[in-house]
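Commentary on secondary and tertiary structure
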Amino acid sequence: MTYQEILAAARECSGPYCRACPVCNGRACKNTMPGPGSKGTGTVAARNYDAWQDIFLNMDTICANGPVDTRFTLFGQTYDLPVFAGPVGAVKLHYGDKLTDQGYNEILVPACVQAGIAAFTGDGTNPAVFAAAAKAIGENGGKGIPTVKPWDRDTLFAKLDQAKASGAQMFAMDIDAAGLPFLKGLNPPAGSKTVAELREVIEYAKVPFILKGVMTVRGAKKALEAGAAGIVVSNHGGRVQDGVPATAEVLPAIAEAVKGRMVVMVDGGIRSGVDVCKALALGADACILARPYVTAVYGGGAEGVKVLTDKIKAELADTMAMCGVHSLAEISRDMIF
């Protein structure tokens, strides 16, 4: 399949909210929730996308002519490029009846491994969703990151036990999911966590732990204090709070504050290998794409995941070569115009 064929196929089965647009820029779905849109005015997802388009790269082809190496290592696992599929939950509600969460992860996780990357997997009110996702990661060499919501302590520990038993070698929490409606009003309480509460969870996990949903230098330093091995600069695609900045706008300051002491990832509106190169030049170690991989799975299954990943890898390699760098370590801030 071609990428265009995948988009066309996804349009037939990912409605009624997602339009599988030629470019997933947050405009057609805007404030559709349920659906892939953003909260309130629905402008944050579009702001994420636009911010990457407003960043420009400097070309430099007066350099050695050699192969480009896009490989990336995260906590001992090596991947073909610094790109991960993002955690997505309730796919049936947001993207159409074709797949359940379990069915989606059963396609996504092994397809990502085959494509040379890995998936962050989602979580939800149905405990079977997280359990099945963690199991799929364990069955694929631990290449994947089971991602928990900020539940109460006992629920979190039980989910981490499931993930560890399945063979997962790293965990994540999308801490910004504290703003999701289904987490509010639970008993026992779920939602925001203190540094001390996070430290207890991270120490219990005993494997590298990533906190997703950091948008400030202060938040990054808190994550570091709690013992997180990495963070994801993320505003949850605008789905938990309206009126916040784009991830590209806050990434440089956050990366400058904690780079070298923890892994810094970023998501939000990243749609191409060119965008990935921009993010790395601004200080990120790796990028996460969520909505595009939903479209890839709905439109092409495992083949769709490979086609999208190969497309991003080729764009990244071409961009690096045209900017005069041949490894990820050579990408630097001076590449930004």
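Refer to the structure printed above.
Residues numbered from 1 in each chain as written. Predicted model: local features only at pLDDT ≥ 70, side-chain atom pairs only at ≥ 80, totals over all residues. Heavy atoms only, no water.

This paragraph deals with the packing of helix α1 (residues 3–11) against helix α11 (residues 291–322). Where α1 contacts α11, the two axes come as close as 9 Å, and the packing angle between them is 160°. With respect to α11, the axis of α1 lies roughly antiparallel. For the element pair α1 and α11, the recorded crossing hand is left-handed. Counted together, Y3, I6, L7, A9 and A10 of α1 and T295, A296, Y298, G299, G300, G304, V307, L308 and K311 of α11 form the full contact between these two elements. (Axes fitted to C-alpha atoms, helices over the stretch in contact; angles between N-to-C directions. Helix = DSSP H or I, 4+ residues; strand = E, 2+ residues; numbered from the N terminus. Parallel < 35°, antiparallel > 145°, perpendicular 65-115°, else oblique. Left-handed = near helix turned anticlockwise from the far one by under 90°. Contact = heavy atoms within 4.5 Å.)

So, about the environment of R47. Topologically, R47 is positioned in helix α2 (residues 44–53). With 151 residues separating them along the chain, R47 and L198 place their C-alpha atoms 30 Å apart.

Attention shifts here to the sheet that holds strand β9 (residues 263–266). One closed barrel holds the eight strands; their spatial order is β3-β4-β5-β6-β7-β8-β9-β10, and the pairing between them is parallel. With strand direction ignored, the average angle separating the axes of adjacent strands in the sheet is 30°. Sheet topology places strand β7 (residues 209–214) next to strand β8 (residues 230–233); four bridges connect them, and they run parallel. Note on β8: the bridge partner recorded for I210 is G230. Across the face of the sheet, helix α9 (residues 247–258) comes into contact with β7, β8 and β9 while running at roughly 160° to β8. (Pairing = 2+ DSSP bridges.)

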